[in-house]
Amino acid sequence: MVKFIAGRLALAVLIMLGSAILSFSILTLAPGNAAEAILSAERADDPQLAEVESFMERHGLNNSRLIRLSQWLHMLSKGNFGISLRTGEPVAEEFRARFPATFELAASSMALAIIIALPFGVISAVKQNSILDNVIRFVALWGVSMPNFWLGLLLILCFGVILGWFPTYGSGSIVHLILPTITLGTSMTAILMRLQRASMLEVLNENYIRTARAKGLHEVLVIGKHAFKNTLIPVVTIIGMQFAHLLSGVVIVEQVFAWPGIGHFLVDSINARDYPVIQGFVLIIAFFFVLSNLIVDILYAFLDPRIRYGRTQ
Amino acid sequence: MSLLDIVNLNISFATRAGVVQASDEVSFKIRKGEALCLIGESGCGKSIVALGIMRLLPGNARISGKIFFNGRDLLSLHKKAMRKMRGRDIAMIFEQPAGCLNPVLSVGNQIAEAVKIHENCSGKISRQRAVDLMALVGIPCPCKRYSQYPYEFSGGMAQRVMIAMALASHPSLLIADEPTTSLDVTIQAQIIELLKNLVSQFNTSLLLITHDLGVAAQMCDSVVVMYAGGIIEKGRMSDVFKNPGHPYTQALLKAASGKEPASVKGSVPELTRLPDGCRFHPRCELSQDICRKIMPQMKKGVKCHIQKKT
Ligand SMILES: Nc1ncnc2c1ncn2[C@@H]1O[C@H](COP(=O)(O)OP(=O)(O)O)[C@@H](O)[C@H]1O
Ligand code: SF4
Ligand SMILES: [Mg+2]
């Protein structure tokens with residue numbers, strides 16, 4: 001088990017290094033000049049050539065890519081993500097200030113998805129081909145095909161503008177959280193529901209389910225104890241992977257609901273070509289991907305005794 | 001009175017290729033303490049009959065007829081009453097025991113569960129009973145093995161676990177569906193020996209489904225031979241094996257004796273396209289005109305127009 005986790009950790013470090021280099025390279029190859037974008041955003045007219053030059057000089061943007069990459073990696077190794085070109089604050093600070101809002105949104109969406117998807121996925125499988133199953137499958141299909149921004153706008157229009165039940169933007173209370181949570185959580189709920197159903201259908205065909213029934217076990221326990229635990233192995237994997245996706249999917253939803261999280265800030269930074277912020281945020285989001293995968297691997301081991309006790313073939 | 005009395009059991013499946021009649025007017029009895037074996041080639045409906053007795057058939061199955069167990073018809077029991085009989089009165093073990101154990105629950109836990117379902121005892125007692133059962137079926141170091149998981153058990157050991165689980169409530173009937181088919185030859189002999197001892201120790205009736213006619217002869221008092229969903233011969237073991245009436249039984253025994261080719265010539269017909277008349281006629285050396293037109297009746301334990309018992 002210890003060996004297993006150590007191996008995963010080593011892999012995680014390698015992946016982080018790769019993401020750092022990748023996020024740096026892609027950005028420096030992208031068109032657009034940071035100095036021009038930022039200076040013109042600060043004032044009404046186009047900046048003078050001299051101002052642009054001095055801005056680039058000040059922020060080391062004239063150095064070659066290789067030098068800038070090694071400087072950045074060197075800084076990263078000390079836990080320093082650099083300074084935002086736009087706000088002049090440390091990138092890590094900007095992230096820390098906005099992360100709780102985003103996490104709140106992602107976590108509540110995930111909770112919504114789990115609470116709805118797991119039981120309905122199970123019911124759908126157990127009552128396969130019933131009317132209920134067909135309704136659940138239809139709703140799930142609708143949920144995966146609905147784009148986030150569209151669903152968000154629809155919810156705002158319906159429950160915000162017409163009915164006036166919920167505020168349409170901003171944050172700070174439970175009522176603010178509801179519409180963004182539904183927007184962000186719907187596709188996740190639909191994906192999980194389908195997966196839980198498929199996983200349950202597969203497990204119900206296994207021979208050990210027949211054994212459980214042959215013992216005289218009540219059907220509720222056959223499903224809830226013997227089958228459910230086995231269905232969790234694939235489901236937990238997807239939950240972990242989707243959580244990181246939520247953190248990135250949040251970009252659009254935060255934009256639609258003016259939610260003051262990292263997604264909102266990231267979009268503004270991209271418009272301003274604020275390289276240190278973009279690079280830093282991308283790297284931190286990558287970090288959450290790696291972290292959630294690591295947690296999945298460990299959970300996996302707890303769910304599946306074959307992994308827990310070190311037989312890994 | 002018989003412990004188990006199956007009367008005209010029909011089980012069919014509606015499939016895209018047509019109706020599959022997996023059990024066609026099957027009737028046989030098992031007395032208390034008797035061991036009966038059900039033999040026949042693969043796909044002739046043996047497992048389906050066994051699952052029918054347990055009422056654990058797949059969802060697309062249609063079942064009719066009567067299955068009397070201690071005088072009560074299992075097919076007319078309420079779902080809940082049937083569930084209470086499973087494990088307590090009738091238990092079942094299967095082939096490929098490894099896949100029959102839940103991979104995420106410890107082996108001991110699964111045996112203790114079987115104890116608990118029908119006895120309503122404390123966790124501590126069911127645990128102790130499970131350890132005792134593991135010792136009874138010959139699992140070494142039962143205390144240590146209790147908390148291990150199925151992947152840590154070989155096929156033979158997994159089958160011992162299944163037997164422990166099946167015998168947890170001392171059922172009066174044990175159904176063993178090819179319990180040794182997937183195991184190594186040496187392990188097969190051990191499992192058969194174990195089953196034989198336990199069944200006689202608890203005076204459990206046994207319905208054994210097997211390919212191994214040697215094992216059948218050694219363990220069972222009577223025999224039922226199935227072909228393409230129907231019974232073609234039944235009777236006392238000593239009688240049938242020494243003096244088989246039906247040409248199919250004769251061919252099976254010849255194939256098993258090792259002198260002739262190892263299997264019966266020809267192949268089992270598709271259950272959706274059964275031949276008219278005697279179902280065995282396309283493969284039968286004795287077949288005549290009547291065989292192709294009219295289905296023979298069961299007489300003195302043999303279902304054949306030509307070969308008859310005296
Ligand atoms: N769920 C099912 N749907 C349709 N046909 C089935 C189903 N289960 C079993 N059968 C058919 O029933 C017949 C008998 O199967 P089985 O009892 O498993 O044979 P065996 O004698 O080898 O144990 C086979 O021909 C099989 O194709
Ligand atoms: S009835 Fe005819 S075909 Fe069928 S087994 Fe007897 S002899 Fe053979
Ligand atoms: Mg079978």
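Residues numbered from 1 in each chain as written. Chains lettered and ligands numbered in written order. Predicted model: local features only at pLDDT ≥ 70, side-chain atom pairs only at ≥ 80, totals over all residues. Heavy atoms only, no water.

Undergrad: Where do I start with the overall build of chain B in this structure?
TA: Within chain B, the secondary structure is distributed over eleven helices and twelve strands. Against the compact-globule benchmark of 19 Å for 310 residues, chain B has a radius of gyration of 20 Å, which places it among compact chains. Taken along its principal axes, the extent of the C-alpha atoms in chain B is 70 × 45 × 40 Å. Within chain B, the proportion of its 310 residues that are buried is 56%. Sequence-distant contacts, at least 24 apart, represent 64% of the contacts inside chain B between residues at least 6 apart. Accessible surface, chain B: about 13800 Å² in total, of which carbon and sulfur atoms supply 51%. Distance between charge centroids for chain B: 5 Å, based on 39 positive and 25 negative side chains. (Helix = DSSP H or I, 4+ residues; strand = E, 2+ residues; numbered from the N terminus. Rg over C-alpha atoms; globule rule 2.2 N^0.38 Å. Buried < 20%, exposed > 50% of the residue type's maximum accessible area, 1.4 Å probe, protein only. Contact = heavy atoms within 4.5 Å. Areas by Shrake-Rupley, 256 points an atom, 1.4 Å probe, with all protein chains shown as cover. Lys, Arg positive; Asp, Glu negative; His and termini not counted. Charge placed at Lys NZ, Arg CZ, Asp CG, Glu CD.)

Undergrad: Even after reading the chapter, I still don't get the overall build of chain A, so can you show me in this structure?
TA: Along its length, chain A carries 13 helices and zero strands. Listed N to C, the secondary structure of chain A is α-α-α-α-α-α-α-α-α-α-α-α-α in terms of helices and strands. Excluding contacts between residues fewer than 6 apart, the proportion of contacts in chain A whose partners are at least 24 apart in sequence is 73%. Roughly 15900 Å² of accessible area belongs to chain A as shown, and the carbon and sulfur atoms make up 68% of that amount.

Undergrad: Help me understand the interface of chain B and chain A in this model?
TA: Quoted interface sizes are often the accessible area lost when the parts come together. Between chain B and chain A, the contact holds 24 residues from the first and 21 residues from the second. For the pair chain B and chain A, the summed buried surface comes to about 2200 Å²; carbon and sulfur atoms form 61% of the total. Three residues stand out in chain B for area buried against chain A, namely R83(B), V104(B) and Y151(B), and they jointly supply 29% of the buried area on that side. Applying the counting rule to chain B against chain A returns two salt bridges. When the shortest N-O distance is used, the salt bridge between E113(B) and K215(A) registers 2.6 Å. The tally of links between chain B and chain A comes to ten residue pairs in polar contact (both at pLDDT 80 or more). Those elements that provide at least two residues to the side of chain B that touches chain A are α1 (46-54), α3 (107-119) and α6 (155-166) of chain B. With six residues, the single largest contributor to the side of chain B that touches chain A is α3(B). When the residues that make up the side of chain B that touches chain A are grouped by side-chain class, the tally is 15 nonpolar, six polar and three charged. (Buried area = accessible area lost by both parts, 1.4 Å probe. Salt bridge = Lys/Arg side-chain N within 4 Å of Asp/Glu carboxyl O. Polar contact = N/O pair within 3.5 Å; in protein donor to acceptor, adjacent residues only side chain to side chain. Nonpolar A, V, L, I, M, F, W, Y, C, P; charged D, E, K, R; others polar.)

Undergrad: How should I be thinking about the confidence of the model for chain A in this particular structure?
TA: Summary statistics for chain A give a mean pLDDT of 84 and a share of 95% for residues scoring 70 or more. Least confident of the elements in chain A is helix α2 (residues 34-42) of chain A, whose mean pLDDT is 70; most confident is helix α9 (residues 207-214) of chain A, at 96. (pLDDT = per-residue confidence, 0-100.)

Undergrad: Which parts of the structure should I look at to understand the site of ligand 1?
TA: All names here are of chain B. The environment of ligand 1 is formed by 13 residues, the closest being G43, G45, K46, S47 and I48. At 2.7 Å, a backbone N or O of G43 approaches an oxygen atom of ligand 1. Backbone polar atom of G45 to an oxygen atom of ligand 1: 3.1 Å apart, as the coordinates give it. With the chains in place, 70% of the 560 Å² that ligand 1 exposes on its own is no longer accessible. Sorting the residues of the shell around ligand 1 by element identifies β1 (4-15) and α1 as the ones contributing at least two each. (Near = heavy atom within 4 Å.)

Undergrad: What's the story with the domain arrangement of chain B in this structure? I'm lost.
TA: All names here are of chain B. Its domain assignment divides chain B into domain 1 (4-89 + 171-303) and domain 2 (91-170). The centre of domain 1, based on its C-alpha atoms, is set 27 Å off from the matching centre of domain 2. Contact with domain 1, which involves 29 residues of that partner, is made by 19 residues of domain 2. For the domain 1 and domain 2 pair, buried surface summed over both sides reaches about 2100 Å², with 70% attributable to carbon and sulfur atoms. When residues of domain 1 are sorted by the area they lose upon contact with domain 2, P171, L194 and F202 head the list and together hold 23% of the total. Across the domain 1-domain 2 interface, the total number found is zero salt bridges. Counting across the interface, domain 1 meets domain 2 through ten residue pairs in polar contact (both at pLDDT 80 or more). (Domains from an automatic or database assignment.)

Undergrad: Can you help me understand the site of ligand 2 in this one?
TA: As a structural note, the neighbourhood of ligand 2 is formed by H246(B), P247(B), C278(B), F280(B), H281(B), C284(B), L286(B), S287(B), C291(B), C304(B), H305(B) and I306(B). Grouping the constituent residues of the shell around ligand 2 by class yields eight nonpolar, four polar and no charged.

Undergrad: Sorry, what's going on with helix α7 (residues 185-201) of chain B here?
TA: An α-helix turns once every 3.6 residues. As a result, residues three or four positions apart point the same way. Residue and element names in this part refer to chain B. Its 17 residues give α7 an end-to-end C-alpha distance of 25 Å, which sits within 8% of 24 Å, the value for a rise of 1.5 Å per residue. Considered for burial, the residues of α7 that qualify are Q188, I191, I192, L194, L195, L198 and V199. Each buried residue of α7 sits inside an arc of 165° when the element is viewed along its axis, so together they form one side. Opposite the packed face of α7, turned more than 90 degrees from it, sit the exposed residues T186, S200 and Q201. Next to the buried residues of α7 lie β6 (90-93), α4 (123-136), α6, β7 (173-177), β8 (205-209) and α8 (213-219). Phi turns positive one or two residues past the end of α7, at N203, with a value near 55°. (Expected span 1.5 Å × (residues − 1). Arc of directions from axis to C-beta.)

Undergrad: Is there a simple way to think about helix α6 (residues 131-145) of chain A in this case?
TA: Residues and elements named next belong to chain A. Between its first and last C-alpha atoms α6 spans 21 Å; for 15 residues at 1.5 Å apiece the expected length is 21 Å, and the two agree. For α6, every residue scored as buried is listed here: D133, I136, A140 and G143. All buried residues of α6 fall inside an arc of 90° around its axis, so they share one side. Away from its buried face by more than 90 degrees, α6 exposes I131 and F138. Buried residues belonging to α6 abut α5 (91-126) and α8 (174-204).

Undergrad: What am I meant to see in unusual backbone geometry here?
TA: What you tend to see is this: most non-glycine residues have negative phi, and most peptide bonds are trans. The phi dihedral of A258(A) falls on the positive side, at around 45°, and the residue is not glycine. Mapping A258(A) onto the fold places it in the loop between α10 (219-257) and α11 (262-271). Within the chain, N70(B) stands out as a residue other than glycine whose phi angle is a positive 50°. Structurally, the position occupied by N70(B) is in the loop between β4 (61-69) and β5 (72-73).

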